[in-house]
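Fold and geometry: a report
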Amino acid sequence: MGEPLLSHAVRAAKWARGAASRARLRTEQIDTLPALGARGRSLALLRPVHLSVLGGRTLNLALPCPSSAGGVTGARLLLESRGRSQHLPLEVEPQPDGGVLLTLTTPLRHARLDPADARGLRLHDGIWRLTLVATDHAGRQHRAAVASPTAPIGDGPTLRTSPDPATGVRYRVARTVDGHAVIKVSAPRRQAELTALDLKWDRITVRGRLLAVQPPHDAYAAEAIRRGAGGTPIAIRPRWQGSDFTFDLPLAEMSRHSRGQRMWDIRLTSNTTRIKIGRRLTDVRHPKRVFRTPFRAVALDDGTVLRVHAHLSAAGTLAVSCAPFVTPEDSTR
């Protein structure tokens, strides 16, 4: 390898190491929370083999058996938040190398938003600290605080956590400044979630549902607002079934008196409240790149044919571009 090429490779390697370090630091800063109230006595930190919330609502935990416990006959996970506590049994799994793993897989449920009969661990909003309580053969209890897992680096196609697809609650694994692992539970903000786009030859139908909005839901109407041009929004009357809504895009009004392409944003409105319709209950980092929809030729009742593209923007909100097809005869008028 020539000297110039070798120097370039060395600089590239240094830049890659620096970028990885900066990405890890940025992730740790985002996921770091203030230290919680001090305990009566400090506990040893036990770093998990695995700790995650998958699919927006499934807690997965694997802990090595603490060396101080010797032979473990039973173990449980203690979750504590602002005077509340929850206990979950851990499975004791001997490993081929002679070690022992303490494991747990359980669905997470929100104490207020999930049905009362839903199976799983029910948590309120807040920050929940994790502690291992292990019992040895002599009946002695050994406690250890669960340490925060190592933050992954990189900017992959998916986020580390995603909201619960049913309720929109976010269960996020985070760390405190003193290195403890916690689960932060956050109820969703008011939002309109896009659930489907029906692309047909004579219409495009939008389907979605409201989250964190008190009834009556039919107090909300929909509207299309032209991007960057101002003007009066086009009113749309949705069909409601509980918190679910459905409506057809008013393509005739959106393309009226237009020979070029127009871009529109679609949202719900009630009095002064405006809620953009979007796709947020997902772990996809770049919705526009992943949730791709085709351009569609749509024929209106008056014979006009439009080229329509209903899609997600880079921010994950619903946008619609439409333009009439121009024939050679039209272009000469």
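Quick caveat: nothing in here was measured; it's all calculated off a predicted structure.

Conventions and cut-offs
- Residues numbered from 1 in each chain as written.
- Predicted model: local features only at pLDDT ≥ 70, side-chain atom pairs only at ≥ 80, totals over all residues.
- Heavy atoms only, no water.
- Helix = DSSP H or I, 4+ residues; strand = E, 2+ residues; numbered from the N terminus.
- Contact = heavy atoms within 4.5 Å.
- Areas by Shrake-Rupley, 256 points an atom, 1.4 Å probe, with all protein chains shown as cover.
- Salt bridge = Lys/Arg side-chain N within 4 Å of Asp/Glu carboxyl O.
- Buried < 20%, exposed > 50% of the residue type's maximum accessible area, 1.4 Å probe, protein only.
- Core = buried A, V, L, I, M, F, W, Y, C linked by side-chain atoms within 4.5 Å.
- Pairing = 2+ DSSP bridges.
- Polar contact = N/O pair within 3.5 Å; in protein donor to acceptor, adjacent residues only side chain to side chain.

1. A few points about the overall build of the protein chain
Looking only at helices and strands, the protein chain features four helices and 24 strands. Contacts spanning at least 24 positions in sequence make up 61% of the contacts within the protein chain whose residues lie at least 6 apart. Accessible area for the protein chain stands at about 18500 Å²; split by element, carbon and sulfur atoms hold 51% of it.

2. Comments concerning the pattern of salt bridges
One pass over the structure, following the stated rule, counts nine salt bridges. Between arginine 140 and aspartate 136 there is a salt bridge, with the nearest N and O atoms lying 3.2 Å from each other. For arginine 140, a relative accessible area of 51% puts it in the exposed group. Through salt bridges with shared partners, a single network forms among Arg57, Asp114 and Asp164.

3. Notes on the environment of leucine 210
Note that leucine 210 resides in strand β15 (residues 204–211). Residue class for leucine 210 comes out buried when judged on its relative accessible area of 5%. The residues touching leucine 210, leaving out its near neighbours within four places in the chain, are Gln191, Ala192, His217, Tyr220, Trp240, Ser243, Phe245, Leu268 and Ile275.

4. Here we look at the nonpolar core
Counting 31 residues, the largest nonpolar core has Phe247 and Ile277 as its most contacted members. For this core, the element with the highest residue contribution is strand β23 (residues 305–312), accounting for four residues. Each residue touching isoleucine 277, except ones within four places of it in the same chain, is listed here: Ala192, Leu194, Phe245, Phe247, Ile266, Arg267, Leu268, Thr317 and Leu318. In terms of nonpolar packing, the next biggest core, distinct from the first, is built from 29 residues, Leu61, Trp128, Leu132 and Tyr171 among them.

5. Side note on unusual backbone geometry
Along the chain, proline 215 connects to proline 216 via a cis peptide bond; the corresponding omega equals 10°. Tracing the backbone shows proline 216 in the loop between β15 and β16 (221–226). One non-glycine residue, arginine 82, lies in the positive phi region at around 50°. Tracing the chain through its elements places arginine 82 in the loop between β5 (72–81) and β6 (84–89). We note that asparagine 271 has phi near 55°; this positive angle belongs to a residue other than glycine. Mapped onto the fold, asparagine 271 is located in the loop between β20 (262–270) and β21 (273–278).

6. Brief notes about the pairing of strand β13 (residues 181–186)
When strand β10 (residues 126–136) meets β13, the two strands line up antiparallel, connected through four bridges. When the bridges of β13 are listed, glycine 126 appears paired with valine 185. Where strand β12 (residues 170–176) and β13 come together, six bridges link them in antiparallel fashion. Bridge pairing in β13 links arginine 170 to serine 186.

7. Considering the side chain of arginine 267
Checked against the element boundaries, arginine 267 lands in strand β20. Polar contacts involving the side chain of arginine 267 include one to the side chain of glutamate 223, which spans 2.5 Å. Other than its neighbours up to four places away in sequence, arginine 267 contacts Ala221, Ala222, Glu223, Ile225, Arg274, Ile275, Lys276 and Ile277.

8. Quick notes on the environment of arginine 140
Following the sequence through the fold, arginine 140 ends up in the loop between β10 and β11 (141–146). Taking the C-alpha atoms as reference points, arginine 140 and valine 72, separated by 68 residues in sequence, lie 9.7 Å from one another. Residues in contact with arginine 140, not counting those within four places in the same chain, are Ala134 and Thr135.

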